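These are the residues of each chain, in order.
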Amino acid sequence: MRLGYHNEMVVSRQAPGRARQKSRTRRALIEAARESFREGHVPTIATAAELADISRATAYRYFPTQLDLLRAVMEVDVEGLLAAIDVAGDDARERVHALVD
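Here's what I pulled together on the structure shown here. (Residues numbered from 1 in each chain as written. Predicted model: local features only at pLDDT ≥ 70, side-chain atom pairs only at ≥ 80, totals over all residues. Heavy atoms only, no water.)

1. Here we look at the overall build of the protein
Our working definition: Where helices and strands are cited, they refer to DSSP runs of H or I of at least four residues and of E of at least two residues respectively, numbered from the N terminus. A 1.4 Å probe rolled over the protein chains alone gives each residue an accessible area, and that area as a share of the maximum for its type sets the label: buried under 20%, exposed over 50%, partly exposed in between. Throughout, a residue-residue contact means that at least one pair of heavy atoms, one from each residue, lies within 4.5 Å. In short, Shrake-Rupley with a 1.4 Å probe defines the accessible areas, and a residue's cover is counted only from the protein chains shown.
The helix and strand inventory of the protein stands at 5 helices and 2 strands. When its helices and strands are written in sequence order, the protein yields β-β-α-α-α-α-α. Here the protein holds 101 residues, and 20% of them are scored as buried. When contacts within the protein are restricted to residue pairs at least 6 apart in sequence, those whose partners lie at least 24 apart make up 41%. In the form shown here, the protein has an accessible surface area of approximately 7,800 Å², with 54% of it arising from carbon and sulfur atoms.

So, in structure tokens, the structure goes:
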């Protein structure tokens with residue numbers, strides 16, 4: 001969205017596609033950070049950007065600090081854990097096994 005002639009608002013027709021691209025970029029950075037964790041490293045924004053094949057400048061627009069990136073990774077992982085536990089049903093033993101898996 002930008003201001004056009006006489007300050008009227010001009011809405012971009014590419015907005016939905018742009019939102020999807022932003023979502024893909026964010027997911028790619030988070031997945032790259034998760035990969036870094038799996039390899040035993042605490043990811044930096046620079047490493048996540050490199051692994052995701054995204055410029056560092058772009059990565060910093062999504063995650064201004066390393067803590068922002070780490071929080072996003074934890075949110076994704078916690079959501080996955082909660083979903084796994086919820087699917088396991090009412091049996092406590094099954095829920096614990098789902099959590100461990």
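2. Some details on helix α2 (residues 45-52)
The cut-off we apply is this: When we speak of the arc, we mean the arc of directions from the helix axis to the C-beta atoms.
Residues of α2 that are buried include every one of Ile45, Ala48 and Ala49, and no others. Viewed end-on, α2 has its buried residues packed into an arc of 100°, placing them on one side of the element. With its phi angle positive at about 60°, Asp53 sits one or two positions after the end of α2.

3. Comments concerning the nonpolar core
Nonpolar side chains in soluble globular proteins generally cluster together in the buried interior. Stated precisely, the cut-off is as follows: Note on terminology: a nonpolar core comprises buried Ala, Val, Leu, Ile, Met, Phe, Trp, Tyr and Cys residues joined through side-chain atoms within 4.5 Å.
Within the largest apolar cluster, 13 residues are counted, with the highest numbers of intra-cluster contacts made by Leu29, Ala48, Phe63 and Leu69. Listing elements by their share of this core, those giving two or more residues are α1 (15-38), α2 and α4 (66-87). Looking at this core, the element that brings in the most residues is α1, giving 4 residues. If we skip the residues at most four places from it in the chain, Phe63 touches Arg26, Leu29, Ile30, Ile45, Asp68, Leu69 and Ala72.

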